[in-house]
Amino acid sequence: MKASKEGSSVDIQDKQLQRLISFTLRSGVLTAVVVGLLGGIMFLRFHSTDPVAFHTFEGAHSTFASPREIVKEAFHTHIAGEENRGLAIGQLGIICLLLTPIIRVALSIVGFAMERDRVYVVITAAVLATLTCSMLLH
């Protein structure tokens, strides 16, 4: 009988964690969409009449080569670079979308730790480290 009470409290905690993970995924995607749309609207405000050349591809400006620079450009307060701010905010939306599964993996570590499943904690921590390094070292 005692084991069933402990099992039910773990089930409740597991369900709460699953709800938190579900909420995180939904809110992360919604945040990414809203930020991306805001950035797109701001970008089009300055570039709606720019000619489009589909036969040549120009990569992103070096300012947008790292997440740190994207965040810095998105939140800058200089009027002179206002035309690039929309692009930075749009790319910030993509960063939000990339962070969503990373946060999900981190929450999974918490869940596996609550279940005292050391093997899955180690495996999931390795996945989290790989995701984090690939995001930060690019």
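Residues numbered from 1 in each chain as written. Predicted model: local features only at pLDDT ≥ 70, side-chain atom pairs only at ≥ 80, totals over all residues. Heavy atoms only, no water.

## Some remarks on the confidence of the model for the protein chain
Consideration 1: Scored by pLDDT, the protein chain has a mean of 81; 82% of the residues are at 70 or more.
Consideration 2: Within the protein chain, the lowest mean pLDDT, 78, falls on helix α2 (residues 67-74), and the highest, 90, falls on helix α4 (residues 118-136).
Consideration 3: Note that pLDDT drops below 50 for residues 1-5; the model gives that stretch zero contacts with residues more than four away or on any other chain. (pLDDT = per-residue confidence, 0-100. Helix = DSSP H or I, 4+ residues; strand = E, 2+ residues; numbered from the N terminus. Contact = heavy atoms within 4.5 Å.)

## Considerations on a nonpolar patch on the surface
Consideration 1: Among the surface-exposed residues, V119, Y120, I123, V127 and L131 lie close enough to one another that they form a single nonpolar patch of about 430 Å² accessible area.
Consideration 2: Residue L131 is classed as partly exposed on the basis of its relative accessible area of 31%. (Patch = residues over 30% accessible without salt bridge, like charges linked within 9 Å, V, L, I, M, F, W, Y side chains within 5 Å. Areas by Shrake-Rupley, 256 points an atom, 1.4 Å probe, with all protein chains shown as cover. Salt bridge = Lys/Arg side-chain N within 4 Å of Asp/Glu carboxyl O. Buried < 20%, exposed > 50% of the residue type's maximum accessible area, 1.4 Å probe, protein only.)

## Looking at α2
Consideration 1: Taken as a whole, α2 has its buried residues at I70, E73 and A74. Projected down its long axis, α2 shows its buried positions confined to an angular sector of 100°, all on one face. Turned more than 90 degrees from where α2 packs its buried face, R68 and K72 sit exposed. (Arc of directions from axis to C-beta.)

## Section: unusual backbone geometry
Consideration 1: Even without glycine at this site, R116 takes up a positive phi of about 60°.
Consideration 2: Tracing the sequence through the fold places R116 in the loop between α3 (82-114) and α4.

## Considering the nonpolar core
Consideration 1: Membership of the largest hydrophobic core comes to 13 residues, with the highest contact counts inside it found for A74, I89, L92 and L128.
Consideration 2: At the level of secondary structure, the elements contributing two or more residues to this core comprise α1 (2-47), α2, α3 and α4.
Consideration 3: In terms of residue count, the dominant contributor to this core is α3 (seven residues).
Consideration 4: Discounting chain neighbours no more than four positions away, the residues touching L128 are I102, V105, A106 and I109. (Core = buried A, V, L, I, M, F, W, Y, C linked by side-chain atoms within 4.5 Å.)

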